[in-house]
Structures are given as C-alpha cells and as structure tokens.
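Descriptive structure summary
Letter by letter, the chains look like this.
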Amino acid sequence: MPPKVKIPREAIIEKAFELTKAYGFEKVTARFLASELKCSTQPVFHAFRNMEELKEEVYKKTQKLFEETMLQQPSDTETPYFLSMGLKYVELAQKEKNLFRLLCMSDSGTRLESLYDLAKHVPVPIDPGVFVKTWIFTHGIATIVSTNTTNIAPEEIRQLLIEACAGFKLYHNENKGGSAYET
C-alpha cells in the first residue's frame, strides 16, 4: 500500500484560494482541487469535513486580502484615506472578480446586523450616515466593474466617489436635526 500523501491544511487553502481567483469558488470541487494538488481527495477531506468548511477558509483569506489592501495608507498625500479605501475596493472588484463575487455577492461569510456596523471598522473619523451612503454607492460601482456591465475609467470612478461623498456630507450637514440613519 503506498504511503498516504500529507498535504498541510494551509497548502490546501492556498490552492483553493488560487483556483477561486482563477475560476470562482463554485468551480472548485474536491476532485479539481485534488487534481491540482496532485493527490487524491483524501487529503482534502482529511483536512476539512466538507467543501463548505474549506469555502469558509477561502472566504476568510479573501476577506483578509480585501481588508489589508483597503486599509493601506494612500500612496499619495492628495488622496484622503476614505477615498483611497473606496478606490482600492473598486480596483479589487475589477482585478479580482471571482474573489469579489465570493466576498460581496454570495451568501458566504459574515452577516451584519446593520450596514452601520461597517462604519465602526473605518480607521478614520466619518459620520456613520455618510459612510453608509458612500459605501453603498461605492459597492454599486464595484459591482458594475466586477460584472463587466460597463467600462468606467479610473479617473471617472475617482470623481464619482468624491462627488458622492461630498453630496452625502452636504445632505447630512443640512439635515443635522434628523437622525443620521434617516435617508
């Protein structure tokens, strides 16, 4: 009997992540993954109870990539931090379409009680109402570029995000008497 192939859990996650980037997680089967790892499916199911458990790990790795990328300081002093986050989010959606779909357009992963929970994780001060409205707008652009619905030039994306955030801030400032949660 040949010796059992031992493949570290992290190597399986990394290969599944690479395959997800290239093909989307829906195409990552145990058989396809094993073929790419040059083993049987046994090491995959030794490391994971099922493909759903592996998908959770790929989701976490994708989430970490997005967070680390988006939270980087802007490369130039002219770009405000919050704008930089939005631009990086849209860029990731455009360049990493399958990861974006897994993270933001599937029923995998984290569920928020409210979009306002996202505002708690932004490392710069911004009104939660302005954040949520701007983020919904940003997500819309990211979805458009991810699905190839239309081409939007990077300069146009930047200008749209600047104008949207400014408009939402203006609206919020003019309606200070109301709740930040009202639209």
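Counting restarts for each chain: residues are numbered from 1 in the order of the written sequence. Given that this is a predicted model, residues contribute local features only at a pLDDT of at least 70 and side-chain atom pairs are listed and counted only at 80 or more, while totals for whole chains, interfaces and linings are drawn from all residues. Water and hydrogen atoms were dropped before computing side-chain values, which therefore reflect all heavy atoms in the structure.

Secondary structure is summarised from DSSP: a helix means a run of H or I of at least four residues, a strand means a run of E of at least two, and numbering begins at the N terminus for each. Secondary structure assignment for the protein yields nine helices and zero strands. Put simply, the protein runs from its N terminus to its C terminus through helices and strands in the order α-α-α-α-α-α-α-α-α. The buried share among the 183 residues of the protein stands at 40%. Note on contacts: a residue pair qualifies if any of its non-hydrogen atoms lie within 4.5 Å across the two residues. Long-range pairs, those at least 24 residues apart, make up 64% of the contacts in the protein with a sequence separation of at least 6. Accessible area of the protein: about 11300 Å², with a carbon and sulfur share of 54%. For each residue, the accessible area found with a 1.4 Å probe, counting protein chains only, is set against the maximum for its type, and the residue is called buried under 20%, exposed over 50%, and partly exposed in between. The protein chains shown are the only cover counted for residues, whose accessible areas, like all others here, come from Shrake-Rupley with a 1.4 Å probe.

Attention now goes to unusual backbone geometry. Outside of glycine, negative phi angles account for most residues, and trans bonds account for most peptide bonds. In this structure, K38 is a non-glycine residue whose phi angle is positive, near 60 degrees. Assignment of secondary structure puts K38 in the loop between α2 (30-37) and α3 (42-47).

Viewed as axis vectors pointing N to C, helix α5 (residues 81-95) and helix α9 (residues 154-174) meet at an angle of 135 degrees, and their least axial separation amounts to 10 Å. Compared by their axis directions, α5 and α9 come out oblique. By crossing handedness, the relation of α5 to α9 is classed as right-handed. Along its contact with α5, which presents F82, L83, G86, L87 and V90, the element α9 presents I157, R158, L161, I162 and C165. Only the stretch in contact is used when a helix axis is fitted, and all axes are lines through C-alpha atoms; the angle between N-to-C directions ranges over 0 to 180 degrees. For classification purposes, an angle smaller than 35 degrees is called roughly parallel, one larger than 145 roughly antiparallel, one from 65 to 115 roughly perpendicular, and anything else oblique. Helix crossings fall into two classes, left-handed where the near helix is turned counterclockwise from the far one by less than a right angle and right-handed where it is turned clockwise.

Here we take up the nonpolar core. Within this scheme, the nonpolar core is defined by two criteria: the residues are buried Ala, Val, Leu, Ile, Met, Phe, Trp, Tyr or Cys, and they are joined through side-chain atoms within 4.5 Å. Grouped together as the largest cluster of nonpolar side chains are 49 residues, with contacts concentrated most on L33, L54, F66, F82, F131 and I157. Looking at this core, the elements with two or more residues in it are α1 (9-23), α2, α4 (51-70), α5, α6 (97-104), α7 (116-119), α8 (128-146) and α9. Ranked by the residues each element gives to this core, the list is headed by α5, at nine residues. For F82, the contacting residues outside a window of four places in its chain are V122, V124, I126, F131, T134, W135 and C165.

What follows concerns the packing of aromatic side chains. Stacked, edge-to-face and tilted are the three classes for Phe, Tyr and Trp ring pairs, Trp counted by its six-membered ring, which pair at centre distances within 6.5 Å; planes under 30 degrees apart are stacked, over 60 edge-to-face, the rest tilted. The full count for this structure, using the stated rule, is seven aromatic pairs. Taking the centre distance of 4.8 Å and the plane angle of 45 degrees together, the rings of Y89 and W135 count as tilted. With Y89 in helix α5 and W135 in helix α8, the pair connects residues that are 46 residues apart, well separated along the chain. As far as the burial class goes, Y89 and W135 line up, both buried. Aromatic pair F131 and W135: ring centres 5.8 Å apart, planes at 10 degrees, arrangement stacked. Residue F131 and its partner W135 are located together in helix α8, separated by four residues, close to a single helical turn. For the residue pair F131 and W135, the accessibility class agrees, reading buried in each case.

Our focus in this paragraph is the side chain of T134. In this fold, T134 is placed in helix α8. Filtering out sequence-adjacent residues up to four positions away, T134 remains in contact with F82, C165 and F168.

We now examine α2. Turning to α2, its buried residues number three or more, namely A30, L33, A34 and L37. The arc that holds every buried residue of α2, seen down its axis, measures 100 degrees, which confines them to one face. The inward-facing, buried residues of α2 contact α1, α3 and α4. Note on α2: the residue one or two positions beyond its end, K38, has a positive phi of about 60 degrees. This arc is taken over the directions from the axis of the helix to the C-beta atoms.

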